[in-house]
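Close look at the chain arrangement
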Amino acid sequence: MITINEALQSVLSQQQSYGTEDIKLSATTGRFLAEDIFTDLDAPPFDRVMMDGIAIRLGNLDNPLKPSYTVQGIQSAGTPQMELMDADHCLEVMTGAILPVGADTIIPYEEIEIKDGNAHIQLEKASKRYIHNRGSDSKKGEKIISKGKLITAADIGILATVGKATVSVAKLPSVAIISTGDELVDVNQTPLPHQIRKSNVYTLWSALVKEGILSKMYHINDDKEALENTLSKLIDTYDVLLLSGGVSKGKFDHIPAVLSDLGVHKHFHRVAQRPGKPFWFGHHPEKGTKVFAYPGNPVSTYVNHLFYFQQWLHASMGTPLQLEVKALGEKIPGNPNLSRFVSVRIDAKTGHAFPFSHNGSGDLFSLSKTDGFLLLPQRDGDFLEGEQLEFLCIR
Ligand SMILES: Nc1nc2c(c(=O)[nH]1)N[C@H]1C(S)=C(S)[C@@H](COP(=O)(O)OP(=O)(O)OC[C@H]3O[C@@H](n4cnc5c(N)ncnc54)[C@H](O)[C@@H]3O)O[C@H]1N2
Ligand code: MOO
């Protein structure tokens, strides 16, 4: 059986670019930039007034202020630049306004009193100019965000500032999620005593939404012919298939044989890990379709999806995922035969990860109590309190 690292390398060897597309700025959250972003103007684009107050011509900052200045008018934000007459006058100015021609210092309203058309100054000297100078944040033409970056809310603000109404992003693969199993019924049905409602497809669907992917859901019963017919069509239609169930040793676990009959090249089946050991991964050499066939137990499906698919997707989009690390909260004995994904809760104060017990990989309800999974690699030695380990967050 291969190790988790060998399995991951094999999955990553199938990383693939799906090209680029131009989309509206408002739809870019969570997507990967496919172009470098440059400023189209200096930032700020003009000498920007930083305080509400008056603008004067002072010259050297050490020069004493006059006892009063005659108010000449108001320069508000969003109005064209005015011109200060001389050093005896001032213009009232608002935060965000362009600095008037001939002015070089702002005195905030807190330091003056305006009476009878004059601004009376309550200071001897100005402490600073309160001017956000043109181009001081960045100069026109400067690269401000690099290709490959995952677009965040803050990036969207920057993209708006530089006038990117449409943005070139990496195209996402099309994905089908397929549940298999005769025991599964839909969410709106009442299961018979030997049935359960399918849940894995919804977990996967939601995890994909978080990655910006709107997938399609399918269900196929444990019937070889039905599996062959439907999967063959799906292999032709989608870039990626995510299957859950039917990959272990049961009499009706047809998935590996069917995939192989359909020409999907197997990279591996079974990984030295718990949960999720019977994971099967392959790709169709002619069609390029990648097939992630997850074991059916809900925790196994989810853990494998988070670890393998997520890393494959980010690598395919051009920016490998850097897994978070967390400090282990208590000692756990090592295991030389298996890597383990341990359900943990993160202590809000210390940030340490504490394992908690549940009923194994079929215990779907444990997922709502967990913050994520700590990855304990296979090894002899104990895992010690405070040891930093890779973490898959599900919050
Ligand atoms: N003799 C052996 N038996 C099993 C082995 C093994 O190595 N030898 N491995 C066990 C492990 S580990 C796992 S994990 C499961 C995986 O089995 P399958 O991938 O074949 O999955 P199924 O048998 O179809 O289902 C397992 C379990 O999960 C439930 N399930 C399946 N799909 C869904 C879904 N979409 N939503 C909710 N729940 C689902 C299913 O009802 C079963 O209870 O095999 C062990 N057995
Ligand atoms: O390893 Mo299975 O995926 O535990 O339940």
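This structure is a prediction, so every number in the text was calculated from the model and none was measured.

Here's the deal with helix α2 (residues 153-161)
Every buried residue of α2 is accounted for by D155, I156 and L159. Down the axis of α2, the buried side of the element spans an arc of 105°, and every buried residue falls inside it. Exposed and facing more than 90 degrees away from the buried side of α2 are A153, A154 and T161. Residues of α2 that are buried sit in contact with β2 (37-38), β11 (143-145) and β12 (166-170). Following α2 by one or two positions, G163 has its phi on the positive side, about 80°.

Some details on the site of ligand 1
Residues in close proximity to ligand 1 total 20 residues, the closest being E183, S199, V247, S248 and G296. At 3.5 Å from a nitrogen atom of ligand 1 is found a side-chain nitrogen or oxygen belonging to S244. One nitrogen or oxygen atom from the main chain of G296 is found 2.9 Å from an oxygen atom belonging to ligand 1. Its free accessible area being 870 Å², ligand 1 has 70% of it covered by the protein chains.

Quick word on the UniProt feature "domain: MoaB/Mog" (unreviewed entry) in the protein chain
Per the UniProt entry, the sites bearing "domain: MoaB/Mog" (unreviewed entry) are residues 176-315 in this numbering. Helix and strand shares over residues 176-315 are 36% and 25% respectively, and the end C-alpha atoms of the span are 20 Å apart.

What to know about the packing of helix α1 (residues 4-12) against helix α6 (residues 298-316)
Taken N-terminus to C-terminus, the directions of α1 and α6 make an angle of 40°; their axes are 9 Å apart at the nearest point. In this structure, α1 crosses over α6, and the sense of that crossing is right-handed. Between α1 and α6, the contacting residues are I4, A7, L8, V11 and L12 on the first element and F307, Y308, Q311, W312 and A315 on the second. Its residues assigned to classes, the contact of α1 with α6 shows 9 nonpolar, 1 polar and no charged.

Quick word on α6
The end-to-end C-alpha distance of α6, which contains 19 residues, comes to 26 Å, matching closely the 27 Å that a straight helix rising 1.5 Å per residue would cover. Within α6, the axis deviates most sharply at H305, by approximately 35°. Most of α6 is tucked away, with 18 of its 19 residues classed as buried. Once α6 ends, the next one or two residues include G318, with phi positive near 100°.

Observations concerning the site of ligand 2
In the vicinity of ligand 2, the contacting residues are P275, G276, K277, P278, N297, S300 and S361. K277 is positioned such that a nitrogen or oxygen atom in its backbone is 3.3 Å from an oxygen atom of ligand 2. Residue composition of the shell around ligand 2, by class: 2 nonpolar, 4 polar and 1 charged.

Details of the packing of helix α3 (residues 200-210) against α6
For the pair α3 and α6, the least separation of the axes is 10 Å and the interaxial angle reads 25°. As summarised for this structure, α3 and α6 are arranged roughly parallel, according to the angle between their axes. The handedness of the crossing between α3 and α6 comes out as right-handed. Every residue of α6 that contacts α3 at N200, T203, L204, A207 and L208 is listed here: P298, T301, Y302, H305 and F309.

A look at the sheet that holds strand β4 (residues 53-56)
Spatially, 6 strands are ordered β7-β4-β6-β5-β9-β8 in an open sheet, and the strand pairing comes out mixed. Because the sheet does not close on itself, it has two edges, and the strands there are β7 (105-108) and β8 (112-115). Put simply, the sheet's adjacent strands are angled 40° from each other on average, direction ignored. Two elements, β4 and strand β6 (residues 89-93), share 3 bridges in a ladder whose sense is antiparallel. Residue pairing in the sheet places I54 in a bridge with E92 of β6.

Some details on a nonpolar patch on the surface
A contiguous nonpolar patch, built from V187, Y202, W205, V209, L214 and M217 and spanning about 540 Å² of accessible area, is present on the exposed surface. Counting residues per element, the nonpolar patch draws most heavily on α3, at 3 residues. For M217, the location among the structural elements is in strand β16 (residues 216-220). For M217, a relative accessible area of 32% translates into the label partly exposed.

How each quantity is defined
- Residues numbered from 1 in each chain as written.
- Chains lettered and ligands numbered in written order.
- Predicted model: local features only at pLDDT ≥ 70, side-chain atom pairs only at ≥ 80, totals over all residues.
- Heavy atoms only, no water.
- Buried < 20%, exposed > 50% of the residue type's maximum accessible area, 1.4 Å probe, protein only.
- Helix = DSSP H or I, 4+ residues; strand = E, 2+ residues; numbered from the N terminus.
- Arc of directions from axis to C-beta.
- Contact = heavy atoms within 4.5 Å.
- Near = heavy atom within 4 Å.
- Polar contact = N/O pair within 3.5 Å; in protein donor to acceptor, adjacent residues only side chain to side chain.
- Areas by Shrake-Rupley, 256 points an atom, 1.4 Å probe, with all protein chains shown as cover.
- UniProt positions renumbered as here; feature names shortened; annotations may be inferred.
- Axes fitted to C-alpha atoms, helices over the stretch in contact; angles between N-to-C directions.
- Left-handed = near helix turned anticlockwise from the far one by under 90°.
- Nonpolar A, V, L, I, M, F, W, Y, C, P; charged D, E, K, R; others polar.
- Expected span 1.5 Å × (residues − 1).
- Bend = angle between axes of the 7 residues up to and from the residue.
- Parallel < 35°, antiparallel > 145°, perpendicular 65-115°, else oblique.
- Pairing = 2+ DSSP bridges.
- Patch = residues over 30% accessible without salt bridge, like charges linked within 9 Å, V, L, I, M, F, W, Y side chains within 5 Å.
- Salt bridge = Lys/Arg side-chain N within 4 Å of Asp/Glu carboxyl O.

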